[in-house]
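Structure assessment
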Amino acid sequence: MSYSPAPQLSQTTTQRRPSTGWTVKRNTRPVSLPSVQPRARVNRRFEVEWLEEGDILSNTIAAPALPAFEQAFGAFTHGVLIQTTEGPVAVEDLVPGMHLECAGGNVSQLTWKGAITLVPGAPTLSDMPDRLYRVMPDAFGLGRPLQDQTFGPHVRRLDRDAKLRAALGSEAALVPLSAVADGSSVIEVTPVSPTRVYHLACTTHETILAAGLEVESFHPGPEAPLSLPEEMLRLFMGFFPHMTSIRDFGKLTAPRITAEDLVAIL
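What comes next concerns the included structure. From a predicted model like this one, the values you see are computed outputs, not experimental measurements. (Residues numbered from 1 in each chain as written. Predicted model: local features only at pLDDT ≥ 70, side-chain atom pairs only at ≥ 80, totals over all residues. Heavy atoms only, no water.)

Re the overall build of the protein chain
A tally of regular secondary structure across the protein chain gives five helices and 18 strands. Across the 266 residues in the protein chain, those meeting the buried criterion constitute 48%. Looking at the protein chain alone, contacts between residues at least 24 apart form 67% of all its contacts between residues at least 6 apart. Per element, the accessible surface of the protein chain, about 12,600 Å² overall, is 51% carbon and sulfur. (Helix = DSSP H or I, 4+ residues; strand = E, 2+ residues; numbered from the N terminus. Buried < 20%, exposed > 50% of the residue type's maximum accessible area, 1.4 Å probe, protein only. Contact = heavy atoms within 4.5 Å. Areas by Shrake-Rupley, 256 points an atom, 1.4 Å probe, with all protein chains shown as cover.)

Things to note about the packing of aromatic side chains
If you walk through the whole model with that rule in mind, you get 16 aromatic pairs. Aromatic side chains Phe46 and Phe73 sit 4.9 Å apart centroid to centroid with 55° between the ring planes, which places their arrangement in the tilted category. Taken as a pair, Phe46 in strand β4 (residues 42-52) and Phe73 in the loop between α1 (67-70) and β6 (76-77) lie far apart in primary sequence, 27 residues in all. Neither Phe46 nor Phe73 differs from the other in exposure class; each is buried. (Phe/Tyr/Trp six-rings, centres within 6.5 Å; stacked < 30°, edge-to-face > 60°.)

Re the pattern of salt bridges
Pairing between side chains of opposite charge can happen when the charged atoms of each approach one another. Tallied over the full model, the rule gives 10 salt bridges. Residues Arg160 and Glu214 are paired through a salt bridge, measuring 3.1 Å at the closest nitrogen-oxygen approach. Taken together, the residues span a long stretch of sequence, with Arg160 in the loop between β13 (156-159) and α2 (162-168) and Glu214 in strand β18 (residues 213-216) at a distance of 54 residues. (Salt bridge = Lys/Arg side-chain N within 4 Å of Asp/Glu carboxyl O.)

Notes on the nonpolar core
With 30 residues, the main nonpolar core has Phe76, Ile82, Leu94, Phe151 and Ile208 as its most contacted residues. Sorting the residues of this core by element identifies β10 (107-118), β11 (132-135), β16 (195-202), β17 (207-210) and β18 as the ones contributing at least two each. With three residues, the top contributor of residues to this core is β16. When residues no more than four places from it in sequence are discounted, the contact partners of Ile82 are Phe76, Gly87, Pro88, Val89, Val91, Leu94, Leu100, Leu200, Ile208, Leu209 and Ala210. (Core = buried A, V, L, I, M, F, W, Y, C linked by side-chain atoms within 4.5 Å.)

Brief notes about the side chain of Glu216
By the element assignment, Glu216 lies in strand β18. At a separation of 2.8 Å, a polar atom in the side chain of Glu216 contacts the side chain of Arg156. Glu216 has contacts with Phe76, Arg156, Leu174, His199, His205, Glu206, Thr207 and Arg256, leaving out every residue within four places of it along the chain. (Polar contact = N/O pair within 3.5 Å; in protein donor to acceptor, adjacent residues only side chain to side chain.)

Examining the side chain of Thr111
Within the element layout of this structure, Thr111 appears in strand β10. Excluding anything up to four places from it in sequence, Thr111 contacts Glu49, Trp50, Leu51, Pro96, Ala201, Cys202, Thr203 and His242.

Some thoughts on unusual backbone geometry
Here Arg144 and Pro145 are connected by a cis peptide whose omega angle stands at -5°. Take Pro145: it is sitting in the loop between β11 and β12 (149-151). Non-glycine residue Glu53 carries a positive phi angle of around 50°. Here Glu53 is to be found in the loop between β4 and β5 (55-64). One non-glycine residue with positive phi stands out, namely Asp138, at about 65°. Looking at where Asp138 falls in the secondary structure, it is placed in the loop between β11 and β12.

Digging into the pairing of β18
The alternating pattern of β18 places Leu213 and Val215 and Glu214 and Glu216 on opposite faces, both of which are buried. Across four bridges, the pairing between β17 and β18 is antiparallel. Looking at the pairing, Ala210 lines up with Leu213 of β18. (Pairing = 2+ DSSP bridges.)

As structure tokens, then:
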């Protein structure tokens, strides 16, 4: 992420060969993204891969480092094991087209993967510095996780607490991992070196299995169209070229609550 004297939306099409023999092929072709002149002078490089008509396409996009943009890329750190139908795979080795195991036993296809690099001390448009969250073994039950694992700043896990069920009338709720950081079982960590973080999106919004935890795939949430100006919303959708509208994300698989909501309920 860097200061740019004349920020421009830019894109670079790249190619990376898949390391496993999945039944999808990788291809590259020009992708038409919206022409936007961002007003912000703090940019970040957003890397995306997506599945389109059997091809795996990829781009690198320079865009403003808006918190709403960064949330789409910051759930998993390098090395987090994601459960697939072929066994656990490190998040950095996943490619669109793979099938992920989800909570409840269903399977969903990975259609999109995004990545950014968090650089300590770099300028940002967020009011809060980047934080990571280290989850200690068995923090959420036996084998959840099996060993200590670090997650990105924007991960949410599925919480099945009985008080949440009673308050929300739902079997479970998606809670930010940051909301349960207690310095013991979940520890807030300030990165001291550049750290690569990822997020994943499936055919529909899902709760996938990551290091034994039930965590959500990416969904912008129903508030995204209201929180972003029209030009920024068009730029945001440029991260998801396989979609034609933000409505294509579909419904949330479970309700979301904030850290403040969690404190009030529990």
